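Structural overview for review
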Amino acid sequence: MKKKLFITRKFPTHIVEPLQEFYEISQWEEEDLVIPRDKLLAAVADCEVLWVTIADQVDEELLSHAPNLKLVTNLAVGYNNIDVKALRKQGIMATNTPGVLTNTTADLVFGLLLATARRIPESERYLREGKWNSWYPMQLVGKDVSGATIGIIGMGRIGQAVARRAKGFDMKILYNNRRRRHEAEEMYGFQYVSLEDLLKQSDFVVIMTPYNTDTEGLIGAQELALMKEDAVLINASRGGIIDEAALYDALKNGKLWAAGLDVFEQEPIAMNHPLLTLPNVVALPHIGSASLATRTAMLMLNVKALTAYGQGKAISNRID
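For clarity, every value in this text was computed on a predicted model and none was experimentally measured.

Conventions adopted
Residues numbered from 1 in each chain as written. Predicted model: local features only at pLDDT ≥ 70, side-chain atom pairs only at ≥ 80, totals over all residues. Heavy atoms only, no water. Helix = DSSP H or I, 4+ residues; strand = E, 2+ residues; numbered from the N terminus. Polar contact = N/O pair within 3.5 Å; in protein donor to acceptor, adjacent residues only side chain to side chain. Contact = heavy atoms within 4.5 Å. UniProt positions renumbered as here; feature names shortened; annotations may be inferred. Domains from an automatic or database assignment. Buried area = accessible area lost by both parts, 1.4 Å probe. Salt bridge = Lys/Arg side-chain N within 4 Å of Asp/Glu carboxyl O. Nonpolar A, V, L, I, M, F, W, Y, C, P; charged D, E, K, R; others polar. Buried < 20%, exposed > 50% of the residue type's maximum accessible area, 1.4 Å probe, protein only. Pairing = 2+ DSSP bridges. Right-handed = clockwise from strand over helix to strand, strands pointing away. Axes fitted to C-alpha atoms, helices over the stretch in contact; angles between N-to-C directions.

**Looking at the side chain of Ser202**
- The residue Ser202 is located in the loop between α9 (195-201) and β9 (204-207) in this model.
- In this structure the side chain of Ser202 is engaged in a polar contact, spanning 3.3 Å, whose partner is the backbone nitrogen of Gly151.
- Within polar-contact distance, the side chain of Ser202 engages the backbone oxygen of Leu198 at 2.7 Å.
- If sequence neighbours within four positions are ignored, Ser202 has contacts with Thr149, Ile150, Gly151, Leu174, Lys228 and Ala231.

**Concerning the UniProt feature "domain: D-isomer specific 2-hydroxyacid dehydrogenase catalytic" (unreviewed entry) in the protein**
- Residues given the UniProt feature "domain: D-isomer specific 2-hydroxyacid dehydrogenase catalytic" (unreviewed entry) here are residues 7-319.
- Along residues 7-319 one finds 34% helix and 14% strand; the C-alpha atoms at either end are 19 Å apart.

**Quick look at the domain arrangement of the protein**
- Once the domains are mapped, the protein shows domain 1 (1-95 + 290-309) and domain 2 (101-281).
- On a C-alpha basis, the centres of domain 1 and domain 2 stand 32 Å from each other.
- Between domain 1 and domain 2, the buried area comes to about 570 Å², and carbon and sulfur atoms account for 63% of it.
- By the criterion of area lost to domain 2, the three top residues of domain 1 are Val77, Asn80 and Thr294, representing 62% of everything that side buries.
- Linking domain 1 with domain 2 are zero salt bridges.
- Here domain 1 is connected to domain 2 by two residue pairs in polar contact (both at pLDDT 80 or more).
- By residue class, the composition of the side of domain 1 that touches domain 2 is five nonpolar, four polar and no charged.

**Brief notes about the UniProt feature "domain: D-isomer specific 2-hydroxyacid dehydrogenase NAD-binding" (unreviewed entry) in the protein**
- As annotated in UniProt, the feature "domain: D-isomer specific 2-hydroxyacid dehydrogenase NAD-binding" (unreviewed entry) corresponds to residues 110-288 in the numbering used here.
- End C-alpha to end C-alpha, residues 110-288 measures 10 Å, and it is 32% helix and 15% strand.

**Digging into helix α11 (residues 244-252)**
- Within the sequence span of α11, burial applies to Glu244, Ala246, Leu247, Tyr248, Ala250 and Leu251.
- Tucked into the core, α11 has its buried residues touching α10 (221-226), β10 (232-235), β11 (258-261) and β12 (281-283).
- N-capping of α11 is provided by Asp243, with a side-chain oxygen placed 3.1 Å from the backbone N of Ala245.
- Looking one or two residues past α11, Gly254 carries a phi angle of roughly 70 degrees, positive in sign.

**Overview of the pairing of β10**
- What you see with β10 is no split at all: Val232 and Ile234 on one side and Leu233 and Asn235 on the other are buried throughout.
- As defined by bridge partners, β9 adjoins β10 across four bridges and the pair is classed as parallel. Bridge pairing in β10 places Ile207 opposite Asn235.
- Handedness of the β9-α10-β10 crossover: right-handed.

**Things to note about the sheet that holds β10**
- The seven strands are arranged β8-β7-β6-β9-β10-β11-β12 in an open sheet whose pairing can be described as parallel. A strand with exactly one partner marks an edge of an open sheet, and here the two such strands are β8 (191-192) and β12.
- Helix α5 (residues 102-117) contacts β6 (149-153), β9, β10, β11 and β12 of the sheet and is inclined by roughly 150 degrees relative to β10.
- Relative to the sheet, helix α7 (residues 157-168) contacts β6 and β7 (172-176), its axis offset from that of β6 by approximately 175 degrees.

Shown next as structure tokens:
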């Protein structure tokens, strides 16, 4: 008898079809809408395998509705949407998609940094709204990236990839991480500093640390006050690491020059969110890994894990 698999999004047919050899498959039919919680809880009642995205919370409540669940496959490298401890207690495995999105995400991070520094979205709106009537010396002036100091909080794979790109812009690279990256320091000249010194010295602060209990609210009013008033803050890691109310106050009151954000505490962000009222905020809809090649690679990592489970083989990319 085939195992029952529920998919919380409508994924491309050519990705899902091969799994029919091993699974009886049901899926939420809306590609661009999160499955309502009540429908998700009903759907997991008899499934053995669950394929989710970062928008789907896999917690104790869900597990209480899923007595047959044995495997959760997550379409993301981060897994703060999954209560790993709760899964372990019940012997349920989980997998993610590490490695394949490093360069794509680093490209987006650096693109967001450039767009924020040079006010590119603001300038594009300026043109389209018919405001470009003449040229004058201080028109839409931004910040130089080349030669500036970048501070990276979280020097994992993506953080290091961002740092290598910064090296190409002749930036001085500071970083803070749970442990030092001695090899990268020697190879690329990255400089380890305390979080306080990083915030004080950097022209651009880039958050690339995972979201967990240690990093929740890591950047609040006190930390923002340490930064230069003409500094730029970039976050393409996870929402919740920055205190958004404190960030709004700093940006609005001229205590911070600009922010580029690909992630937010609540996603999708509400259209009446105060941050979206500020011209010095560049906001993106969590598109860090959104290239066709990378999203396909992520899906295929999930398929590999699901195929292995269907065949009774060892599963790769397990979340430990």
